[in-house]
Amino acid sequence: MALRGIWVLELAGLAPGPFCGMILADFGARVVRVDRPGSSGDVSHLSRGKRSLVLDLKRPEGVAVLRRMCTRADVVLEPFRCGVMEKLQLGPEILQQENPRLIYARLSGFGHSGSFSKLAGHDINYLALSGVLSKIGRSGENPYAPLNLLADFGGGGLTCALGIMLALFERTRSGKGQVIDANMVEGTAYLSSFLWKSQKLNLWEGARGQNLLDGGAPFYTTYKTADGEFMAVGALEPQFYSQLIRGLGLKSDELPDQMNKADWPEMKKKFADAFAKKTKAEWCKIFDSVDACVTPVLTLQEVDRHCHNKERGSFITDEEQGVSPRPAPLLSNTPATPSSKRDPFIGEHTEEILKEFGFNQKEIDQLKSDKIIESNKLTAQL
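These numbers come from a predicted model, not from an experiment.

Quick word on the overall build of the protein
Of regular secondary structure, the protein possesses 15 helices and 12 strands. With the C-alpha coordinates aligned to their principal axes, the bounding extent of the protein is approximately 85 × 45 × 40 Å. Counting only contacts in the protein whose residues sit at least 6 apart along the sequence, the fraction spanning at least 24 positions is 65%. Of the roughly 20300 Å² of accessible surface on the protein, 54% is carried by carbon and sulfur atoms.

A closer look at the pairing of strand S3 (residues 51-55)
A large share of S3 lies buried, amounting to five of its five residues. Here S3 shows no split at all, with Arg-51, Leu-53 and Leu-55 on one side and Ser-52 and Val-54 on the other all buried. Across four bridges, strand S2 (residues 30-35) lies against S3 in parallel orientation. The residue of S3 that forms the bridge with Asp-35 is Val-54.

Some thoughts on the nonpolar core
Counting 30 residues, the largest nonpolar core has Leu-244, Phe-271 and Phe-275 as its most contacted members. When contributions to this core are tallied by element, the ones reaching two or more residues are strand S8 (230-234), helix H9 (238-247), helix H10 (264-275) and helix H11 (280-287). It is H10 that provides the largest number of residues to this core, a total of five residues. For this core, the domains that each give at least three residues are domain 1 (7-192 + 321-374) and domain 2 (230-296). Contacts of Leu-244, omitting those with residues within four sequence positions, involve Phe-219, Val-233, Ala-235, Phe-271, Phe-275, Phe-287, Ala-292 and Val-294.

Quick notes on helix H7 (residues 184-191)
Within H7, the full set of buried residues consists of Met-184, Val-185, Gly-187 and Thr-188. Considering only its buried residues, H7 is in contact with helix H1 (16-26), strand S5 (103-108), helix H5 (123-130), helix H6 (149-174) and strand S6 (179-183). The backbone nitrogen of Val-185 lies 3.3 Å from a side-chain oxygen of the residue at the head of H7, namely Asn-183.

Brief notes about the sheet that holds S6
With mixed pairing, the seven strands of this open sheet are ordered in space as S6-S5-S4-S1-S2-S3-S12. Where the open sheet ends on each side, the last strands, each with one partner, are S6 and strand S12 (373-374). Both S5 and S6 contribute to a ladder of five bridges, which runs parallel. Residue pairing for S6: Leu-107 is matched across the bridge by Ala-182. Lying over the sheet, H6 contacts strand S4 (75-78), S5 and S6, oriented at roughly 165° with respect to S5.

Examining the state of the cysteines
Per the stated rule, a full pass over the model turns up zero disulfides. Cys-82 carries a free sulfur, and the closest cysteine sulfur to it, the one in Cys-160, is 16 Å from it. You can see Cys-284 has no disulfide; the closest cysteine sulfur is in Cys-307, sitting 8.7 Å from it. Residue classification places Cys-284 among the buried residues on the basis of a relative accessible area of 14%.

Regarding the pattern of salt bridges
For the structure on display, the rule yields 17 salt bridges. One salt bridge connects Asp-26 with Arg-48, and the closest N-O pair in it is separated by 2.7 Å. Taken together, the residues Asp-26 in helix H1 and Arg-48 in the loop between S2 and S3 connect sequence positions 22 residues apart. Overall, Asp-26 belongs to the buried group, its relative accessible area being 4%. Because the salt bridges share partners, they merge into one network encompassing Arg-30, Arg-51, Glu-352 and Glu-356.

Quick word on the environment of Phe-357
Tracing the backbone shows Phe-357 in the loop between helix H13 (350-356) and helix H14 (361-369). Take Phe-357: its relative accessible area is 3%, and that puts it in the buried class. Linking Phe-357 and Arg-72, residues 285 residues apart in sequence, is a C-alpha distance of 7.1 Å.

Brief notes about a nonpolar patch on the surface
Taken together, the side chains of Phe-116, Leu-119 and Leu-129 make up a nonpolar region of the molecular surface, amounting to roughly 260 Å² of accessible area. Within the fold, Leu-129 resides in helix H5.

Cut-off values and rules
Residues numbered from 1 in each chain as written. Predicted model: local features only at pLDDT ≥ 70, side-chain atom pairs only at ≥ 80, totals over all residues. Heavy atoms only, no water. Helix = DSSP H or I, 4+ residues; strand = E, 2+ residues; numbered from the N terminus. Contact = heavy atoms within 4.5 Å. Areas by Shrake-Rupley, 256 points an atom, 1.4 Å probe, with all protein chains shown as cover. Buried < 20%, exposed > 50% of the residue type's maximum accessible area, 1.4 Å probe, protein only. Pairing = 2+ DSSP bridges. Core = buried A, V, L, I, M, F, W, Y, C linked by side-chain atoms within 4.5 Å. Domains from an automatic or database assignment. Polar contact = N/O pair within 3.5 Å; in protein donor to acceptor, adjacent residues only side chain to side chain. Axes fitted to C-alpha atoms, helices over the stretch in contact; angles between N-to-C directions. Disulfide = S-S within 2.5 Å. Salt bridge = Lys/Arg side-chain N within 4 Å of Asp/Glu carboxyl O. Patch = residues over 30% accessible without salt bridge, like charges linked within 9 Å, V, L, I, M, F, W, Y side chains within 5 Å.

Here it is as structure tokens:
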């Protein structure tokens with residue numbers, strides 16, 4: 001796999017950090033999740049392919065253990081607010097002095113500078129500060145966040161993973177690591193660059209929810225079917241729009257011009273009435289083989305059974321029969337090989353990880369006696 005031989009120390013956190021670590025693990029990195037004593041585990045359930053070590057970083061002995069591990073690691077992934085790691089004497093200045101090749105990835109909400117850098121926040125707050133939230137929502141309604149996907153996972157975890165890849169590549173030239181300031185406000189804004197770059201095209205001149213791509217257009221939105229399911233329509237171009245009209249059983253000469261915004265509400269009602277006459281399955285029979293840019297809105301229970309997804313193997317099943325997306329993108333020579341095993345128990349691999357990082361049994365026994373580490377291997381075998 002592409003990241004074979006890369007050691008990553010992921011300090012346990014919420015969704016964005018675990019997702020970033022899981023990406024690295026899926027593509028071959030050896031990811032160690034450093035958990036806190038008494039932790040209940042990865043509440044985000046994104047620990048596929050990782051191992052768990054419990055280490056008390058509130059005590060100097062625990063800090064010393066992590067510093068020693070960092071001398072052998074390639075990447076440290078930390079998800080804390082500005083100043084936390086420095087207070088623990090684990091900031092990049094210290095760790096990179098001891099290991100100049102170390103890549104120190106900081107994944108935060110607001111970044112490690114600026115007046116908000118020490119404030120708490122969640123996806124919706126980062127999305128709001130990026131400017132993107134102002135563009136998401138139905139006409140006449142409040143802005144709303146699309147779950148916690150944009151900032152946490154797109155602008156946060158995925159963007160941080162990209163930064164780590166870039167730093168690893170640059171290290172092959174310079175031999176040196178670097179610090180990555182990945183934050184969800186700027187990551188979300190960058191992910192949404194099209195919003196800024198397309199303003200000259202007047203795509204967003206109307207109020208929220210009344211534009212071409214935000215649900216305002218009748219040919220770029222969703223419609224309820226006779227069985228209470230939904231179809232997604234993205235028939236922007238004239239050739240696709242004409243196929244949409246034909247598939248709906250409507251006549252183009254009886255409809256107003258496609259791009260006349262004044263007529264969009266009337267057109268949307270006509271399309272809604274048409275879609276309400278057939279079930280989702282019936283519409284799929286009509287549109288599945290037609291270039292109309294009309295597709296079913298699949299539920300999480302349906303996606304792995306859809307013919308296209310089955311043919312490509314787009315979803316995988318783990319040993320506990322849980323379904324999840326296969327890692328993307330596909331690489332022809334070094335594809336990801338995600339683990340099918342269950343997520344690790346807290347502290348399940350503490351001792352074996354420490355041995356791999358050069359700790360002898362006497363040192364491990366002393367750390368355990370002093371409650372600097374926790375090993376829960378026996379519990380994991382029950």
